[in-house]
Every structure is written in C-alpha cells, then in structure tokens.
Amino acid sequence: MHLPQVVFWIWIHLLQFDTSNQTMNPEEDRINKKERPLPAGRLMRESAVVLRWALVPVCSVCSACYSVETLYASAALSLFTFLYNERGF
C-alpha cells in the first residue's frame, strides 16, 4: 500500500509551498491569519526562509527515491512555487 508515501510526498511539497507563501507577505497574515506561526511569533521569518529553502533538496531527494519522473514533478513544483510566490507570476 503506497497511500502513506503518497500522503507524505504531497504533505512535504505543500509544506514547501506554504512556507514560501507565508514568508512573502507576513503583514497580510498578521491581519487575516493570526494563528499561523509567523504572525503568532512562534517562528522567526529568517528561520522560515531557511526552512523554505532547505525543503527544496529534501523534496528532491524524497522524490528521487521513487523515480526520475517523480523527481521531475518535484522540480516543476519547486520551480512553480518560486515563480508564483517569489516572482509574482
């Protein structure tokens, strides 16, 4: 049964996206989502940025354990996360 592995793969990529998203505009979260780690003061922005970029190789290694195609999907998700959140596309 591969369901736990699939759920973990999706979760870790979603964590990468969400961390990237939340570090881009912390002021918006202070107004709308006060319970999130950054506006609540449970995590410093600098630490969140380090986590965001540390998750890129973690996601890549995790994906490479499955197949080259999964690695390509992970690379595409990382690229699109960067383009969407950090470059505003």
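Let me sum up the structure you'll find in this document. Remember, predicted model here, so these are calculated numbers, not experimental data.

Conventions and cut-offs
- Residues numbered from 1 in each chain as written.
- Predicted model: local features only at pLDDT ≥ 70, side-chain atom pairs only at ≥ 80, totals over all residues.
- Heavy atoms only, no water.
- Helix = DSSP H or I, 4+ residues; strand = E, 2+ residues; numbered from the N terminus.
- Expected span 1.5 Å × (residues − 1).
- Buried < 20%, exposed > 50% of the residue type's maximum accessible area, 1.4 Å probe, protein only.
- Arc of directions from axis to C-beta.
- Axes fitted to C-alpha atoms, helices over the stretch in contact; angles between N-to-C directions.
- Parallel < 35°, antiparallel > 145°, perpendicular 65-115°, else oblique.
- Left-handed = near helix turned anticlockwise from the far one by under 90°.
- Contact = heavy atoms within 4.5 Å.
- Nonpolar A, V, L, I, M, F, W, Y, C, P; charged D, E, K, R; others polar.
- Salt bridge = Lys/Arg side-chain N within 4 Å of Asp/Glu carboxyl O.

**Some points on helix H5 (residues 68-86)**
With 19 residues, H5 ought to run about 27 Å at 1.5 Å a step, and its terminal C-alpha atoms sit 26 Å apart, in line with that. Along H5, the residues classified as buried are Thr 70, Ser 74, Ser 78, Thr 81, Asn 85 and Glu 86. Mapping the buried residues of H5 onto a view down its axis gives an arc of 95°, with all of them on the same face. Away from the buried face of H5 by more than 90 degrees, exposed residues Glu 69, Tyr 72, Phe 80 and Tyr 84 are located.

**Concerning the packing of helix H4 (residues 45-64) against H5**
Viewed as axis vectors pointing N to C, H4 and H5 meet at an angle of 160°, and their least axial separation amounts to 7 Å. When the interaxial angle is binned, H4 and H5 end up roughly antiparallel. The handedness of the crossing between H4 and H5 is right-handed. Residue-level contacts link Arg 52, Trp 53, Val 56, Cys 59, Ser 60, Ser 63 and Ala 64 of H4 to Thr 70, Leu 71, Ser 74, Ser 78, Thr 81, Phe 82 and Glu 86 of H5. Taken together, the residues that form the contact of H4 with H5 break down as 6 nonpolar, 6 polar and 2 charged.

**Some words on the packing of helix H1 (residues 3-24) against H5**
In contact at an axis separation of 9 Å, H1 and H5 are set at 15° when each is read in the N-to-C sense. The angle between H1 and H5 places the two elements in the roughly parallel class. Between H1 and H5 lies a crossing of right-handed hand. Packed against H1, whose contacting residues are Trp 9, His 13, Gln 16, Phe 17, Ser 20, Asn 21 and Met 24, the element H5 presents Thr 70, Ala 73, Ser 74, Leu 77, Ser 78, Thr 81, Tyr 84, Asn 85 and Glu 86 at the interface. A per-class count over the contact of H1 with H5 returns 6 nonpolar, 9 polar and 1 charged.

**Considering the pattern of salt bridges**
Taken as a whole and assessed by the stated rule, the structure comprises 1 salt bridge. Across the pair Glu 86 and Arg 52 runs a salt bridge whose closest N-O atoms are separated by 3.1 Å. One end of the pair, Glu 86, is in helix H5; the other, Arg 52, is in helix H4, with 34 residues separating them in the sequence. The exposure class of Glu 86 is buried, given its relative accessible area of 16%. Relative accessible area serves as the criterion here: at 2%, Arg 52 is assigned to the buried category.

Function cannot be inferred from these measures alone, as they are strictly geometric.
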